[in-house]
Every structure is written in C-alpha cells, then in structure tokens.
Amino acid sequence: MTRHSPLEDRHSALGASLIEFAGWLMPVRYSSDLAEHVAVRTGAGLFDLSHMGEIVVTGPGAADALDFALVGRAGIIEAGRAKYTMICAEDGGVIDDLVAYRLGADRFMIVANASNADVVVGEIRQRCQGFECEVLDESARTALVAVQGPLALKIVEAMVDPGDVSLVSSLRYYASATASVDGKSLLIARTGYTGEDGFEFFCPIDRAGHLWDLALEKGAPMGIAVCGLAARDTLRLEAGMPLYGHELSLERTPFEAGLGRVVRLGSPEKPRAEFVGQAALGEAAARRSAWNEDPESAPEDARVLIGLEGEGRRSAREGYAVFATEGAVGQVTSGAPSPTLGHPIAMAYVHPKYSAVGTHLKVDIRGRHEEMVVSALPFYQRPNY
Amino acid sequence: MANIPDELRYTDEHEWVSGDVSAGAVVTIGITEYATAALGDIVYVEAPAVGDTVKAGEVCGELESTKAVSELYSPVTGVVTEVNQAVLDAPEILNRDAYGDGWLLKIKASAANTKLLNAEQYAAIVD
C-alpha cells in the first residue's frame with residue numbers, strides 16, 4: 001500500500017509531479033529540476049523528506065546497544081551531536097546508511113532510508129535485545145522538512161521564535177537542538193544530503209503543514225524553491241554522497257564504498273566492544289589496504305567505488321559497463337549531467353587497478369563507448385567548507 | 001494535464017507529427033509535452049543529420065535530462081531535410097514549448113504512415 005506524506009496536498013497545489021519512491025508517493029519535481037538544483041546551490045531549497053525513517057532508541061542501555069548494532073561508535077557521540085554511520089550484516093554488507101543523533105545521555109534517534117526503514121527497525125530491535133533500552137519506530141508519526149542552501153541559516157533564523165535565533169545560528173554542522181517555532185518545540189538538526197549548509201526539522205505529522213508554510217513564507221524574500229527528489233539526487237551525486245541501492249548494498253562493504261572511515265574497528269590502544277559485522281569488516285579493511293598498496297594483487301572481481309567525469313554531453317547511467325583497454329572492469333552505480341559543473345559525472349565500482357585519479361576509462365553509453373576520467377570525490381564542494 | 005493539440009498526430013512513443021503523412025509530404029516532428037514533463041529538464045538532444053534516412057518506429061536520436069534518458073523514435077519513414085539547431089544548442093526550449101519552438105526535425109516522407117494516433121487516441125494512452 002502506498003504511503004502518503006502529510007504534505008501531499010501542498011505538493012499537488014504547488015504543481016508537483018508525484019512519483020512512487022520507496023513505497024511513498026513523493027514529489028519528483030515541481031516545475032524544473034534544474035532550477036530547483038540551482039536554487040539549493042545558490043540560495044535555498046525546501047524539501048519534504050517525510051518518507052525517511054525515524055527510529056528512537058531510549059534507555060540506560062541505549063548507547064551500548066547501538067555500539068553493538070552499528071559500525072560506528074554511538075557511545076562516543078556527545079549529546080546534541082550527530083554522526084553519519086551504517087548498519088551492516090554479519091558478513092559486512094551494508095544494510096543501510098544512517099544518521100545517528102544523540103538527543104540525550106540515554107536517547108538516540110536513528111534516521112534511515114525510506115526503502116530500508118522497516119528492515120532497519122527490525123534489525124535494531126533484534127540487536128538491542130539484552131540491552132536495557134526500548135526501540136520505537138517513530139517513522140509514521142514524524143515528518144521531516146529540510147531547508148538547504150547557503151541562505152538556509154537566514155531562513156531558519158526567521159522561522160524559529162526570537163529566543164532561539166542564537167541557538168540556531170550557533171548550531172554546529174552535524175549537531176541538533178530543540179528549538180521552538182510558534183511556541184511549540186521541535187528538533188532542528190544542521191544536517192542534510194545536498195552538499196550545502198542546511199537544516200532538517202523533525203516534527204509530529206500534524207505540524208508539518210504549518211512548518212512547511214512558514215518555511216515558504218520566511219524563505220520567499222530569499223527566493224526559496226520547493227525541491228523534489230530529482231534535484232535531491234543530482235545534489236547528492238555532485239556532493240559525492242552515496243545512495244543506498246546504488247553505491248551501497250548488501251553486496252558491498254563500507255570499505256569497498258570508500259567509507260571505511262565510518263567503521264570503528266577498535267585497536268589494542270582503542271579497544272571497542274563487539275559489534276555486528278566486526279570480524280568480516282576487519283577482513284574487509286585489511287583487503288582494502290592490500291588493494292590500495294598493490295592493486296595488481298586484487299582478485300578479478302575486486303571492486304572499489306570511484307568518481308568519473310566526462311567531457312562529452314552523454315551521461316553514464318546506473319548499470320552501464322565500464323571498460324579499460326583490457327575489457328570490462330566495472331559498472332556505473334549513479335550518473336547524471338552535473339547541473340553545477342556542466343558535464344557528466346558518475347560513480348562506479350571498478351577494479352582497484354583502475355581507481356587512481358586521472359585514469360582514463362570508457363563507459364558503454366547505449367552502445368557507444370564514451371571516454372571518462374577517474375576523479376576525486378566529491379565532484380563539488382561548497383565554498384568556505 | 002499535458003496539452004495535446006487536436007491538429008497533430010502522435011506515436012505511442014510520445015512523438016508528434018504535424019499534418020497527415022503521405023508519400024512526398026514534408027512533415028515536422030517533435031516530442032509531446034507529456035514526454036518533456038516526464039523527462040524533466042532536458043539537457044542534451046542527439047538528432048540525425050540533414051540527409052539521413054530515418055524509418056518509422058526506429059530510433060533516430062536521444063533526449064537526456066538530469067534524471068533520465070529517452071530514445072527518439074521517428075514517426076515516419078523518409079529523409080531528414082531540416083534539424084532544429086536551436087533546440088540542439090538550447091534543449092530547454094523543449095520544456096518550454098514542445099509543440100512550437102521545440103520542433104525537432106523536418107522529414108520528407110517516402111511512404112504514408114497510417115498507424116499514427118489522433119489526439120484522442122494519444123490522450124487515452126497517457127491518461
């Protein structure tokens with residue numbers, strides 16, 4: 001059964017094209033996905049992300065439970081801060097990538113992808129058994145609205161009650177706080193998935209409409225644009241951020257995805273308690289280091305995630321084969337013409353031999369081989385970052 | 001609801017043709033507003049060159065947006081007599097005016113095409 005955002009009526013009234021995404025009917029674009037993308041890079045954009053999953057873990061054992069359940073160390077996140085992390089299977093494959101917000105000493109909120117939310121809730125519940133904590137799936141009751149872009153701060157300052165303006169301005173990147181909007185408190189986090197500064201508002205679904213209207217009203221003088229999933233996808237791709245089902249999957253470990261940094265394996269100096277996937281991820285880390293040192297030694301089916309940029313106009317798309325002179329060496333996971341850079345960009349899994357920045361490769365774009373060059377990720381980084 | 005002008009003929013692959021196609025006639029073709037809306041902002045158009053032979057129902061080019069790529073099927077068999085260079089240079093014209101400034105090709109038809117849809121039939125497909 002299709003799930004609906006509490007903001008669906010507003011999207012329709014704004015002329016959105018709605019598509020089914022991860023079981024939810026969500027706006028793919030309102031009028032122009034390019035204009036929406038540009039608005040976020042140069043001004044501000046407003047997104048409805050109510051399809052995302054919110055899982056609250058609470059209780060004196062919550063930190064230890066999440067230390068066991070996730071690959072990062074939840075226990076060392078300070079209250080009021082957030083961390084990008086993942087939940088992996090026993091064999092090291094990625095079940096989902098997550099943002100873990102520590103809301104208090106004994107309270108965490110985990111934000112999961114809509115497509116994986118139910119699986120993640122189930123896994124976390126199971127992994128938290130035996131710890132003194134409770135796992136609550138708040139997804140259906142929680143709306144998520146994001147204001148992203150260089151002007152996001154100005155808009156959010158205008159949205160919150162006067163007493164909380166300085167709280168918002170001093171909020172650090174990847175931090176969250178309870179602020180009040182029209183006398184009612186809600187959770188505001190300085191996080192996002194666009195490569196720009198920005199804020200995310202978590203609130204009960206019955207307040208989402210008012211919050212959305214307020215963002216549009218306060219953002220209007222600054223040219224805020226309502227943005228759909230199409231813009232969200234090109235924004236995250238330019239920012240080199242992985243998308244589950246494309247760059248991340250059960251078939252790949254975080255180390256192949258170039259995101260080994262999110263895994264805290266522990267060491268004799270900094271030991272950590274056991275977590276799910278630890279043994280397999282330890283091996284994956286060692287494999288990746290060996291491939292980095294001697295790419296020739298990597299087995300035929302070894303793969304690492306790279307960025308690709310093209311000079312032509314045709315874009316590589318998901319699933320297209322990547323070729324070196326010797327033959328097929330990998331596959332594209334995401335690709336699009338970059339609105340900001342003006343040329344095609346893509347992410348792909350290739351054999352480690354072909355992963356060095358500057359390597360010339362070819363992508364089979366619907367029967368024609370087009371040249372692309374391996375480039376460093378991200379493709380785009382915001383100024384003054 | 002996308003605009004579907006009564007005076008045009010259509011294919012089920014979302015191309016439009018101006019006028020009825022009979023052998024020897026020069027027709028103008030393009031893609032429908034429904035197609036441009038579904039693709040989103042079109043950023044690249046690949047079209048055949050003047051003098052190329054195209055065949056009804058066969059791929060003769062492609063349209064690419066940030067989100068997707070779609071093939072262009074020729075609605076008629078014939079020889080390309082004109083290509084809209086303005087659209088190749090500025091594909092956003094397609095999103096703005098799919099039936100006017102956004103025309104793609106003029107083709108001198110070598111055979112009649114009786115399989116084209118009228119506006120009502122095409123509307124039934126995209127509805």
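This text goes with the structure placed above it.
What counts, and where the lines are drawn
- Residues numbered from 1 in each chain as written.
- Chains lettered and ligands numbered in written order.
- Predicted model: local features only at pLDDT ≥ 70, side-chain atom pairs only at ≥ 80, totals over all residues.
- Heavy atoms only, no water.
- Helix = DSSP H or I, 4+ residues; strand = E, 2+ residues; numbered from the N terminus.
- Rg over C-alpha atoms; globule rule 2.2 N^0.38 Å.
- Buried < 20%, exposed > 50% of the residue type's maximum accessible area, 1.4 Å probe, protein only.
- Areas by Shrake-Rupley, 256 points an atom, 1.4 Å probe, with all protein chains shown as cover.
- Lys, Arg positive; Asp, Glu negative; His and termini not counted.
- Charge placed at Lys NZ, Arg CZ, Asp CG, Glu CD.
- Salt bridge = Lys/Arg side-chain N within 4 Å of Asp/Glu carboxyl O.
- Patch = residues over 30% accessible without salt bridge, like charges linked within 9 Å, V, L, I, M, F, W, Y side chains within 5 Å.
- Contact = heavy atoms within 4.5 Å.
- Pairing = 2+ DSSP bridges.
- Polar contact = N/O pair within 3.5 Å; in protein donor to acceptor, adjacent residues only side chain to side chain.
- Core = buried A, V, L, I, M, F, W, Y, C linked by side-chain atoms within 4.5 Å.
- Expected span 1.5 Å × (residues − 1).
- Arc of directions from axis to C-beta.
- Axes fitted to C-alpha atoms, helices over the stretch in contact; angles between N-to-C directions.
- Parallel < 35°, antiparallel > 145°, perpendicular 65-115°, else oblique.
- Left-handed = near helix turned anticlockwise from the far one by under 90°.
- Nonpolar A, V, L, I, M, F, W, Y, C, P; charged D, E, K, R; others polar.

Chemist: It is not clear to me how the overall build of chain A should be interpreted in this structure. Could you clarify?
Modeler: A count of helical and extended segments in chain A gives nine helices and 20 strands. Computed over C-alpha atoms, the radius of gyration of chain A comes to 21 Å, within 12% of the 21 Å expected from 2.2 N^0.38 for 385 residues, which places it in the range of a compact globule. Based on the C-alpha atoms only, the size of chain A along its principal axes is roughly 65 × 50 × 45 Å. Scored against the burial criterion, the 385 residues of chain A give a buried share of 58%. Carbon together with sulfur atoms contributes 51% to the accessible area of chain A, which is approximately 15800 Å² in total. Side-chain charges in chain A split into 36 positive and 51 negative, and the spacing between the mean points of these groups amounts to 3 Å.

Chemist: Would you mind going over the pattern of salt bridges with me for this structure?
Modeler: Opposite charge on two side chains permits pairing when their charged atoms draw close. Residues and elements named next belong to chain A. Across all of its chains, the model carries 23 salt bridges over all chains by this definition. Arginine 236 is the partner of aspartate 233 in a salt bridge, and the nearest nitrogen-oxygen pair spans 2.9 Å. Pair noted here: aspartate 233 and arginine 236 are both in helix α8 (residues 229-238), with a separation of three residues, about one helical turn. On the accessibility criterion, aspartate 233 (22% relative accessible area) is partly exposed.

Chemist: What is the right way to read the environment of A:Ser267 from this model?
Modeler: Within the secondary structure layout, A:Ser267 lies in the loop between α8 and α9 (278-293). Judged by its relative accessible area of 28%, A:Ser267 is partly exposed.

Chemist: Explanation requested: a negative patch on the surface in the structure shown.
Modeler: Where like charges cluster on the molecular surface, the negative patch consists of A:Glu90, A:Asp91, A:Glu251 and A:Glu274. Relative to the assigned elements, A:Glu90 resides in the loop between β6 (82-88) and β7 (94-104).

Chemist: Sorry, what's going on with the environment of A:Arg127 here?
Modeler: All names here are of chain A. You can see arginine 127 is positioned in helix α4 (residues 117-128). Along the primary structure arginine 127 and glycine 240 are separated by 113 residues, whereas in three dimensions their C-alpha atoms are 30 Å apart. What arginine 127 contacts, discounting residues up to four positions off in sequence, is Phe68, Ala69, Ile87, Cys88, Ala89, Ile95 and Val276.

Chemist: Help me out: how do you make sense of the pairing of strand β2 (residues 17-21) of chain A in this one?
Modeler: On any regular strand, side chains alternate: one points to one face of the sheet, the next to the other face. Residue and element names in this part refer to chain A. Bridge analysis of β2 against strand β3 (residues 24-29) gives five bridges, and the strand direction is antiparallel. Within β3, the position partnered with serine 17 by the bridge is arginine 29. Taking the residues between adjacent antiparallel strands as the criterion, β2 and β3 are bridged by two residues, where alanine 22 takes a positive phi near 50 degrees.

Chemist: Please explain the environment of A:Ser169 as it appears in this structure.
Modeler: Residue and element names in this part refer to chain A. Looking at where serine 169 falls in the secondary structure, it is placed in helix α6 (residues 165-169). In this structure the C-alpha to C-alpha distance between serine 169 and glycine 219, which are 50 residues apart in sequence, comes to 16 Å. Non-local contacts of serine 169, meaning those with residues more than four positions away in its chain, are made with Leu153, Glu157 and Arg190. Here glutamate 157 takes part through its side chain, which lies 3.0 Å from a polar atom of the side chain of serine 169. Among the polar contacts listed, one links the side chain of serine 169 to the backbone oxygen of valine 165, at a separation of 2.6 Å.

Chemist: What exactly am I supposed to notice about the nonpolar core here?
Modeler: Buried together is how nonpolar side chains tend to be arranged in soluble globular proteins. By size, the foremost hydrophobic cluster in this structure holds 31 residues, and its most contacted members are A:Val147, A:Ile188 and A:Phe201. Secondary structure elements with two or more residues in this core: β10 (142-148), α5 (152-159), β11 (176-181), β12 (184-189), β13 (198-204) and α7 (208-219) of chain A. Excluding anything up to four places from it in sequence, A:Ile188 contacts A:Val156, A:Val160, A:Val168, A:Leu171, A:Ala175, A:Ser176, A:Ala177, A:Ala179, A:Phe199, A:Glu200 and A:Phe201. B:Leu63, B:Leu72, B:Ile93 and B:Leu116 belong to the second largest nonpolar core, which has 26 residues in total.

Chemist: Can you walk me through α4(A) in this structure?
Modeler: One full turn of an α-helix is made of 3.6 residues, so residues set three or four places apart face in the same direction. Residues and elements named next belong to chain A. For α4, which comprises 12 residues, the first-to-last C-alpha distance of 16 Å matches the rise-based estimate of 16 Å (1.5 Å per residue) to within 8%. When α4 is considered as a whole, its buried residues turn out to be Ala117, Val120, Val121, Ile124, Arg127 and Cys128. Viewed along the axis of α4, the buried residues span an arc of 140 degrees, placing them on a single side of the element. Packing partners of the buried residues in α4 comprise β5 (53-58), α3 (62-69), β6, β7, β8 (107-112) and β9 (134-137). Looking at the residues trailing α4, positive phi occurs at glycine 130, about 90 degrees.

Chemist: What am I meant to see in the packing of α5(A) against α7(A) here?
Modeler: Helix-helix packing is described using two parameters, namely the angle between the two axes and the distance between the axes. All names here are of chain A. Direction vectors running N to C along α5 and α7 enclose 120 degrees, while the axes themselves pass 9 Å from each other. In terms of axis orientation, α5 runs oblique to α7. Crossing angle aside, the handedness with which α5 passes α7 is right-handed. Along the contact surface, α5 presents Ile155, Ala158 and Met159, while α7 presents Leu211, Leu214, Ala215, Lys218 and Gly219. Across the contact of α5 with α7, the residue classes tally to six nonpolar, one polar and one charged.

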